[in-house]
Structures are given as C-alpha cells and as structure tokens.
Amino acid sequence: MEYSGTAYGDVLKHEPISDIKKVYETAKKEYKEKYNIDVLTQFSFNNTYAIGVRADTAETYKLKTISDLQKVSGDLVLSATLEFLNREDDLLGLEKLYNLKFKKTLGVDGGPRYIALMNNESDAVDVFTTDGLIKKV
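Residues numbered from 1 in each chain as written. Predicted model: local features only at pLDDT ≥ 70, side-chain atom pairs only at ≥ 80, totals over all residues. Heavy atoms only, no water.

1. Observations regarding the pattern of salt bridges
Side chains that differ in charge, positive against negative, can pair when their charged atoms come close.
Part 1 of the reasoning: Within the structure shown, the criterion is met by 10 salt bridges.
Part 2 of the reasoning: Taking the shortest distance from any N to any O, the salt bridge between Glu33 and Lys29 comes out at 2.9 Å. In this pair, Glu33 and Lys29 both sit in helix H2 (residues 20-35), 4 residues apart, roughly one turn of the helix.
Part 3 of the reasoning: Through salt bridges with shared partners, a single network forms among Glu83, Arg87, Asp89 and Asp90. (Salt bridge = Lys/Arg side-chain N within 4 Å of Asp/Glu carboxyl O. Helix = DSSP H or I, 4+ residues; strand = E, 2+ residues; numbered from the N terminus.)

2. Brief notes about the sheet that holds strand S4 (residues 124-128)
Part 1 of the reasoning: Here 4 strands make up an open sheet; going across it, the order is S1-S4-S2-S3 and the pairing mixed. The strands lining the two open edges of the sheet, one partner per strand, are strand S1 (49-53) and strand S3 (104-107). Each strand axis lies, on average, 30 degrees off the axis of its neighbour in the sheet, ignoring direction.
Part 2 of the reasoning: Relative to S3, strand S2 (residues 77-80) runs parallel, the two sharing 4 bridges. Within S3, the position partnered with Ala80 by the bridge is Gly107.
Part 3 of the reasoning: Across the face of the sheet, helix H7 (residues 110-118) comes into contact with S1, S2 and S4 while running at roughly 140 degrees to S4. (Pairing = 2+ DSSP bridges. Axes fitted to C-alpha atoms, helices over the stretch in contact; angles between N-to-C directions. Contact = heavy atoms within 4.5 Å.)

Structure below.
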C-alpha cells in the first residue's frame, strides 16, 4: 500500500501539485510503465498534512483557516516533523502561498510534537488528518 502523493513525489520524483486526480492518474500510468505494477482504486480517505492547534489557541485567535493562522503566525511556535519543515508541498509552500512566518519553528519526531502541544511548549504542530492523537488535543 502506498499513498499516491508519496508515489508521485518521492518515488516518481515529480514536483508537488495540488491536483489529486492528476497525481493518482500519473502514478497509476507510470508505475505500470516503469515497474509493471498495477495501481488499484484509491481508498476513500485522504491522509494529508494540516496544521493543528489546541482548542484554546483556536478560540483565542479565532482560527478556522490557514488565512486566519497567517494573521497570527508570528506570535506562535510551530513544532513539526523535519519532513514537514523542509518540503515544498508542506511548510515551505505554505510560507510562500500564505506568507506564514512563525515566531519559531522546531523540528521534532512525530509523537513528541503532540506532547509539546499538550504541554504548552508549542502552539501549533503538523498533523496527518487521520492521526488518532488529534482528538486528544
């Protein structure tokens, strides 16, 4: 099992795009051509990155969208995985597209970023939208 975005970017070495249908179709076509691997129908969930904050932070700053976050990102500390901090389709892209400028960014392993958030050592974290820990914070 492989995520279509990982197949498209990491395996096939294409630059990130936001057209998920094109990502899937390209991965399906090129996996068959290059590796003789059939890519099956996608599962019905999307495990994409998002920025997560505690409920109290969202309430204090009235955060509902990335555009809302952009207005206050200079006051917040982001703890995120190194991959998220260094990919064009993650933080680097968000910085360019939304002019996000966090007060501080910290590179951390996956699990500890939630601990940092819950212990008020961080204000925001990168999350996969299917992470089970999202409900804890």
